[in-house]
Amino acid sequence: MTDAVDQDLICAIATPPGQGGIGIVRLSGPGAKRVAEKICARGLVSRKAVYCEFKNAAERLDDGVALWFPAPNSFTGEEVVELQGHGGPVVQQQILNALCSLGARLAKPGEFSERAFHNGKLDLAQAEAVADLISSTSIAAARAAVNTLRGDFSNKVNDLIERITTLRVQVEAAIDFPDEELEILEQAGVVEALKAIVQAHKDIIESANQGRLLSSGLQVALIGAPNVGKSSLLNALAGEEAAIVTDIPGTTRDLLKVDLLINNLPIRLVDTAGLRDSEDTIEQQGVARARAQIAQADIVLLVVAVPELTDSGVKEQIQELREQFSGAQGPPPEILVVVNKTDLAAPPDLDQRVNHAAVSARTGEGLTELKSKLQKLAGYTDDATEFSARARHVDALKAAAAQVDASLLALQGGLGVELVAEELSLAQRYLGRITGDVSADDLLGRIFSEFCIGK
Amino acid sequence: MRYPEQFDVIVIGGGHAGTEAAAAAARMGVRTLLLTQNIETIGQMSCNPAIGGIGKSHLVAEIDALDGVMGRATDQAGIHFRVLNSSKGPAVRAVRAQADRALYRNAVRKILENQPCLRIFQQSVVDLLVEGDRVVGCKTQMDLDFYAPCVVLTTGTFLDGKIHIGHEQHPGGRAGDAPSNLLAQRLRALPFRVGRLKTGTPPRIDGRTVDFTKLEQQPGDDPRPVMSSMGQRSEHPAQTQCHITYTNDRTHKIIRDNLHRSAMFSGAIEGVGPRYCPSIEDKVVRFADKTQHQIFIEPEGLTTTELYPNGVSTSLPFDVQLAFLRTMRGFEQAHISRPGYAIEYDYFDPRDLTYSLQTKALEGLFFAGQINGTTGYEEAGAQGLLAGINAARKVKGQSFWEPRRDEAYIGVLVDDLINLGTTEPYRMFTSRAEFRLRLRQDNADQRLTPLGIDMGLVGTQRRQHFQVKMRQLQVLSEDFARQSILPGSDLDAVLALNLRKETRLLDALRRPEVSADGVAQALAVDTNDEVAMGVLRQLEIETKYAGYIRRQDDEIAKIRRHEGMQIPPELDYLGIDGLSNELRQKLDQQRPASLARAARIQGMTPAALSIILIHAKKVVSA
Ligand SMILES: Cc1cc2nc3c(=O)[nH]c(=O)nc-3n(C[C@H](O)[C@H](O)[C@H](O)COP(=O)(O)OP(=O)(O)OC[C@H]3O[C@@H](n4cnc5c(N)ncnc54)[C@H](O)[C@@H]3O)c2cc1C
Ligand SMILES: Nc1nc2c(ncn2[C@@H]2O[C@H](COP(=O)(O)OP(=O)(O)OP(=O)(O)O)[C@@H](O)[C@H]2O)c(=O)[nH]1
Ligand SMILES: [Mg+2]
């Protein structure tokens, strides 16, 4: 918990979210150059912009320039590398992920400035401002962390912590009270419990949309009949003419992916070919790809258009969609019906139970509402601190999962129970970053209330 | 009358804290006086006649590593030794010894009486002599004033001690001893927060009235462990047996039917008792579904027939004690030689202490032992040692020794106490130590003896013993790093390694299936050679834990770095925006000396630490 003036490697997106153009990822601390060179796959030169591709292992993420500032001549006074790329927020998140997997950790609010201060890069007059910044951002971050911990996610995290605590209570009781006839789990039972905890970790990371988003971007697919305006919608949401639009049905053939921010929410929007039976082999392929995309998406925007539109027609299409992914693995995508071309005619009354939004891709009417519905579906607020708070939760979950794995290995490898306990306590400490620590005294309290102990 | 001689350190109380404190200060060469109510009760075990156990023998090993009393006395008095957790890893293994009460007392007394620089005087202390905000000495019952710049108070359960048996109660420091009421009154007038705690003890039984043929036996371990790192089996007196019996539904019924007559349940006791040391009435109520409880029957000594039935501590009236005891197997005819009782006493909120165990309010005054809210001989001894050391260091004008949590259980104990306070008598458990894998009984000497040598606490004998061990360990580990095993070689076969490539002996030892004993046999080392085997086992432990320990190094490096970040004492916490009100109050009250200490304050957040550090830097550079 004592994180002030740590000398570890931290990273964060240095440009404010939602701004286009160049995005900067900043890395500060010992080893910054070494780690950055792995991403850039080439040597960096002091204070010189080096053009390179940013890669995670073999996968190309972006290209741009890398700048290395050796200590102490940098913003923070530590070794700093800035990766300036063109990719949007999803790509930036992927770069952060790659950095974290190489040993960096996500910076806390104000941490760069704080380090700058401690290394004498800011004068005393600025100190107060830094302190204020830390306290206000940490309050915001704390609030954000609490917000992300509502509902399902929170229940699952709490359940996970409870399971680990229960196991620790048993393991620690076995260690500290061997003379008591405690009903300590048999080895097999502990293995089972650990396996269940590992699985629970996986589920929760998966279900924290964030996990998916951070690794591959939240996928939103535009699906619908030809000519309803899917490509037009993509252009309208992206704010640029990314897709070709014509009045010829079957214009879009291949998948078109665009990364963009919707209310600060980074998503990957995928335009697809209009669904219909076609003689054209190219179009057939396009339709096949569109169908495949349905199963991969986190959210499907089912686009329909007035005037030929009925409530039952919409329901039929939803039904068809559901059948598409009924056989697929993973959770089914959320469906949001987008009624397009409202500038031509008023939309018919649709069943209130069907989640829908009415828009005109041409005039832009209804787009704001569509965005906020999309955002709600994705489970996000537009609060950037909340976004990073959740990123940190996922980070902590992953670190904890690795420890639980390690304790399972220790147990199966015939190592002492105190080593199993050691890994478990580390796991709990990581989870403690989400919900607060479980102290030794809390644990002992549980032991005393659950087991009859004492002379 | 003013006693004609001036002292450097006065220790009040000859219990487990007091004896360690007095011996430590004297070992460091300052003029020390031990003042205690009764010389006959020096080193008296108020409760069960056992030393050690999990977490506790770790403390004893640390006291021992600094050449303290407890480990040595235990080897001279132990009549039944066991290794606990022998099936688990070395970090959580512990030694527990039943001690002959009289032999233990004698051993302690003998060590003290042979200690240069130490005087002992039998008198009850009734007052502290205070000048301004510092202590200068104390006054005894017969109006004798003793002067010294440092005073260590270790009066155990005696301050306003009140003994309860059923609804009857009387003042007492423990059965048979008078309480210290005058001193308690006086201390209450000083600026310390005082609370009440409670503990209890079972009735003792005359062994001649017990039918041992009906009881399970529990022999000591073979090979028999020793408590002190310099201990020898040959020092041990004759060994004896413990026995085991159980409570049953008749026992429980009698207890349940008479709950209203228990001091604890009738509300007569305001003090809080330890959760891990519940009375039998507590156990019966809280774990109603348990049909029996295990009772260890421990001998009180070799020359007495008295037995200590461990597990039936109680404050029920005598007639109920007798009735429920007699329901148990083997106890059908049991005669109680001393009734069980509960005792309530004053303790001082340990948050009023600093890491050195000096009180914040009065310079030169140190508190140690049960009066700080702890329980147990080992916990008391460890604090006594620390307070004695620091009193002597203060006299010598040296800085305090303040062991960290990653260095010693003593560090964990003090850090927990002064930061978290306590609401029940505090006992050590290994689960309290986050650096448990380092803080082992087996390496206590490696952790602390060098420090002890530096501080002038360690005698020649121990120093030489330690240096020999360290040299051997070094030679052995170099040897193991150099030697390697070839696949298909004899060693490979004997150790059942199934090697695929040449492997260093040291790396083979890292494998869970390879043990020191296995290697000893393979290398034809004499397994009866205690010294050689000790060193080999040490190497095995270090090798097996190496990866885990290295992982903790980062964490510890961080703590040390934070320790180096001093916070100026004059920092105005109340004026710092961005800290919660609660934190501001705590910081203002505790005034942590370093960032590491600030980090230990409850409710501290990383952001708050950052803010404190920024303000600390401002003060320094202003
Ligand atoms: C009834 C009872 C049950 C207990 N049960 C347990 C248990 O189950 N497990 C466990 O671990 N521990 C138990 N303990 C606690 C254990 O006895 C103590 O933790 C330990 O003895 C504390 O050591 P100490 O040195 O702090 O105090 P003590 O051992 O109590 O020593 C205090 C010393 O101070 C002396 N003294 C007191 N007042 C004065 C004065 N005014 N002037 C001069 N000398 C004075 C006394 O004579 C005595 O020598 C029990 C104690 C009691 C009394
Ligand atoms: N009036 C009006 N016309 C629209 C709107 N959105 C799209 N159109 C028109 O509808 C036609 C088809 O638009 P596209 O965006 O190409 O439709 P699509 O769904 O991508 O079609 P395919 O790619 O062929 O499946 C074009 O002529 C657009 O100009 C709208 O909101 N209002
Ligand atoms: Mg199109």
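Note that the structure is predicted; figures quoted are calculated from it, not measured.

**Here we look at the coordination of the magnesium ion (ligand 3)**
Residue and element names in this part refer to chain A. Of the protein atoms, only Ser231 (OG) and Thr252 (OG1) coordinate the magnesium ion (ligand 3), at distances of 2.0 Å. Of this pair, Ser231 sits in helix 8 (residues 230–238) while Thr252 sits in the loop between helix 8 and strand 8 (256–262); the two residues are 21 residues apart in sequence, bridging distant segments of the chain. The residues Ser231 and Thr252 share a single accessibility class, namely buried.

**Quick look at the domain arrangement of chain B**
Split by domain assignment, chain B resolves into domain 1 (460–562) and domain 2 (565–621). Computed over C-alpha atoms only, the centres of domain 1 of chain B and domain 2 of chain B are separated by 44 Å.

**Some words on the site of ligand 1**
All names here are of chain B. What surrounds ligand 1 is a group of 34 residues, the closest being Ala17, Cys47, Ser180, Gln370 and Gly376. In the model, an oxygen atom of ligand 1 is placed 2.8 Å from a nitrogen or oxygen of the Ala17 main chain. Between a nitrogen atom of ligand 1 and a main-chain N or O atom of Gly200, the distance comes to 3.5 Å. Protein burial of ligand 1: of its 990 Å² of free accessible surface, 96% is covered by the chains. Elements with a minimum of two residues in the shell around ligand 1: helix 1 (16–27), strand 3 (32–36), strand 14 (194–201), strand 21 (341–348) and helix 9 (377–395). For the shell around ligand 1, the element with the highest residue contribution is strand 14, accounting for three residues. Of the residues belonging to the shell around ligand 1, the class tally is twelve nonpolar, 21 polar and one charged.

**Focus on the interface of chain A and chain B**
The interface of chain A with chain B comprises 52 residues on the first partner and 58 residues on the second. Contact between chain A and chain B buries roughly 4,800 Å² in total, counting both sides, with carbon and sulfur atoms accounting for 57%. The interface formed by chain A and chain B includes three salt bridges. Across the pair Arg436(B) and Glu172(A) runs a salt bridge whose closest N-O atoms are separated by 2.7 Å. If you look at where chain A meets chain B, you find ten residue pairs in polar contact (both at pLDDT 80 or more). For the side of chain A that touches chain B, the secondary-structure elements that each account for two or more residues are helix 3 (111–118), helix 4 (124–148), helix 5 (151–176), helix 12 (384–412), helix 13 (417–435) and helix 14 (440–450) of chain A.

Procedures and definitions
- Throughout this description, residue numbers start from 1 for each chain and increase along the sequence as written.
- Naming scheme: in the order in which they are written, chains are lettered from A and ligands are numbered from 1.
- Reporting in this predicted model follows two pLDDT cut-offs: at least 70 for local features of residues, and 80 or more for side-chain atom pairs to be given and counted; totals over whole chains, interfaces and linings ignore these cut-offs and use all residues.
- Side-chain numbers come from the whole structure's heavy atoms, not from hydrogens or water.
- Coordination partners: N, O, S within 2.8 Å of the metal, 3.2 Å for Na, K and Ca; water not considered, so apparent gaps in a site are possible.
- Labels follow the DSSP assignment, with helices taken as runs of H or I lasting at least four residues and strands as runs of E lasting at least two, numbered in each case from the N terminus.
- Three exposure classes are used, based on accessible area relative to the maximum for each residue type with a 1.4 Å probe and protein chains only: buried under 20%, partly exposed in between, and exposed over 50%.
- Residue ranges assigned to each domain were obtained from an automatic or database domain assignment.
- Whether a residue is near a molecule or strand depends on its heavy atoms: if one lies within 4 Å, it is near.
- Two N or O atoms form a polar contact when they lie within 3.5 Å of each other; inside protein one atom must be a possible hydrogen donor and the other a possible acceptor, and for residues adjacent in sequence the pair counts only when both atoms belong to side chains.
- Note on areas: Shrake-Rupley with a 1.4 Å probe; residue coverage comes only from the protein chains shown.
- Side-chain classes are defined by residue name, with Ala, Val, Leu, Ile, Met, Phe, Trp, Tyr, Cys and Pro counting as nonpolar, Asp, Glu, Lys and Arg as charged, and the others, Gly among them, as polar.
- When checking whether two residues touch, look at their non-hydrogen atoms; a contact exists if any pair is within 4.5 Å.
- Summed over both partners, the accessible area lost on bringing two parts together, with a 1.4 Å probe, is the buried area.
- One side-chain nitrogen of Lys or Arg within 4 Å of one carboxyl oxygen of Asp or Glu is enough to make a salt bridge.

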